[in-house]
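Structural overview for review
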Amino acid sequence: MGKKKIPIIYFIMFALLSFLQANFVRAQERVELKAIFPNADALSIYEIEFSLNDTLKATSEFKVTFPEAFDLSKVKIAGSSTINGGFSVKVAESTVILKRSGRGTDVLPGNTVDVKFANVKNPATPDATHKIKIEILNPNRRTIEKELELKIQAPKEK
């Protein structure tokens, strides 16, 4: 009777460790947004830095929705130092849509990568905090949504 209990105990321990490891990996998923030039009324490059639990496909899409106080009319370029293949850029009302071209390689889970886009004109009012929504749409996989806060700073005096 005692010999049958040992494999059951090992199975339970293996199942528990697998569950804990899966939740640990899931907890590491992150999405961040920063303005390279966060001053009021400035043109800025924005960077999304993220790490996902799923593979990022070469045809994935990013949507960044800004409050109306931001001017997106000059946004025309996007790129990455960590994702190959290129991006197309489109602006629809208050949303910047960045689509991977399909020519690059998939990004494996857990890798930290970035996407940058320019020229977003920050609001003229300094010291205001704005909520910006980021969506990462990954074909045949789940969509990641994050709402982040970004503070616009007063220009530094010279």
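Look above for the structure.
On a predicted model such as this, the values are computed, not experimentally measured, just so you know.

What about the overall build of the chain?
- When helices and strands are counted, the chain shows one helix and nine strands.
- Once local pairs closer than 6 in sequence are excluded, the contacts in the chain between residues at least 24 apart make up 68%.
- Per element, the accessible surface of the chain, about 9,900 Å² overall, is 55% carbon and sulfur.

Considering unusual backbone geometry
- Geometrically, the link from Ala118 to Asn119 is a cis peptide bond, its omega value of 10° lying close to zero.
- Here the phi dihedral of Glu93 falls at roughly 55°; this positive angle occurs in a residue that is not glycine.
- Mapped onto the secondary structure, Glu93 falls in the loop between strand 5 (87-92) and strand 6 (95-100).
- The phi dihedral of Asp127 falls on the positive side, at around 60°, and the residue is not glycine.
- Here Asp127 is to be found in the loop between strand 7 (112-121) and strand 8 (128-137).

Here we look at the sheet that holds strand 8
- Taken in spatial order, the five strands of this open sheet run 5-6-3-8-9, and their pairing is antiparallel. A single partner strand is all that each edge strand has here, and the edge strands are strand 5 and strand 9 (144-152). Averaged over neighbouring strand pairs, the angle between their axes works out to 20° when direction is ignored.
- Relative to strand 6, strand 3 (residues 61-65) runs antiparallel, the two sharing five bridges. Looking across to strand 6, one finds that Thr65 is bridged to Thr95.

Topic: the side chain of Ser51
- Looking at the secondary structure, you find Ser51 in strand 2 (residues 43-51).
- Here the side chain of Ser51 touches Gly110 through a polar contact of 3.3 Å, landing on its backbone oxygen.
- Filtering out sequence-adjacent residues up to four positions away, Ser51 remains in contact with Gln28, Glu29, Arg30, Gly110, Asn111 and Thr112.

Here we look at the packing of aromatic side chains
- For the structure shown, the criterion picks out seven aromatic pairs.
- Summarising the aromatic geometry, the rings of Phe62 and Phe87 are spaced 6.3 Å apart at their centres and angled 55° between planes, so their arrangement reads as tilted. With Phe62 in strand 3 and Phe87 in strand 5, this pair connects stretches of sequence that are 25 residues apart. As far as burial versus exposure is concerned, Phe62 and Phe87 are alike and both buried.
- Pairing Phe66 with Phe117 gives two aromatic rings, centres 6.3 Å apart and planes at 75°, and the pair type is edge-to-face. Within this pair, whereas Phe66 is found in the loop between strand 3 and strand 4 (77-79), its partner Phe117 is found in strand 7, the two being separated by 51 residues in sequence. Each member of the pair, Phe66 together with Phe117, is buried.

A look at the pairing of strand 3
- One ladder, built from five bridges, connects strand 3 with strand 8; its direction is antiparallel. Residue pairing for strand 8: Glu61 is matched across the bridge by Leu137.

A short note on the pattern of salt bridges
- Considering all chains together, one arrives at eight salt bridges under this definition.
- Note that Lys57 and Asp106 form a salt bridge whose closest N and O atoms lie 3.3 Å from each other. In this pair, Lys57 is assigned in the loop between strand 2 and strand 3 and Asp106 in the loop between strand 6 and strand 7, connecting sequence segments 49 residues apart.
- Looking at Lys57, the relative accessible area reads 26%, which means it is partly exposed.

Calculation criteria
Residues numbered from 1 in each chain as written. Predicted model: local features only at pLDDT ≥ 70, side-chain atom pairs only at ≥ 80, totals over all residues. Heavy atoms only, no water. Helix = DSSP H or I, 4+ residues; strand = E, 2+ residues; numbered from the N terminus. Contact = heavy atoms within 4.5 Å. Areas by Shrake-Rupley, 256 points an atom, 1.4 Å probe, with all protein chains shown as cover. Pairing = 2+ DSSP bridges. Axes fitted to C-alpha atoms, helices over the stretch in contact; angles between N-to-C directions. Polar contact = N/O pair within 3.5 Å; in protein donor to acceptor, adjacent residues only side chain to side chain. Phe/Tyr/Trp six-rings, centres within 6.5 Å; stacked < 30°, edge-to-face > 60°. Buried < 20%, exposed > 50% of the residue type's maximum accessible area, 1.4 Å probe, protein only. Salt bridge = Lys/Arg side-chain N within 4 Å of Asp/Glu carboxyl O.

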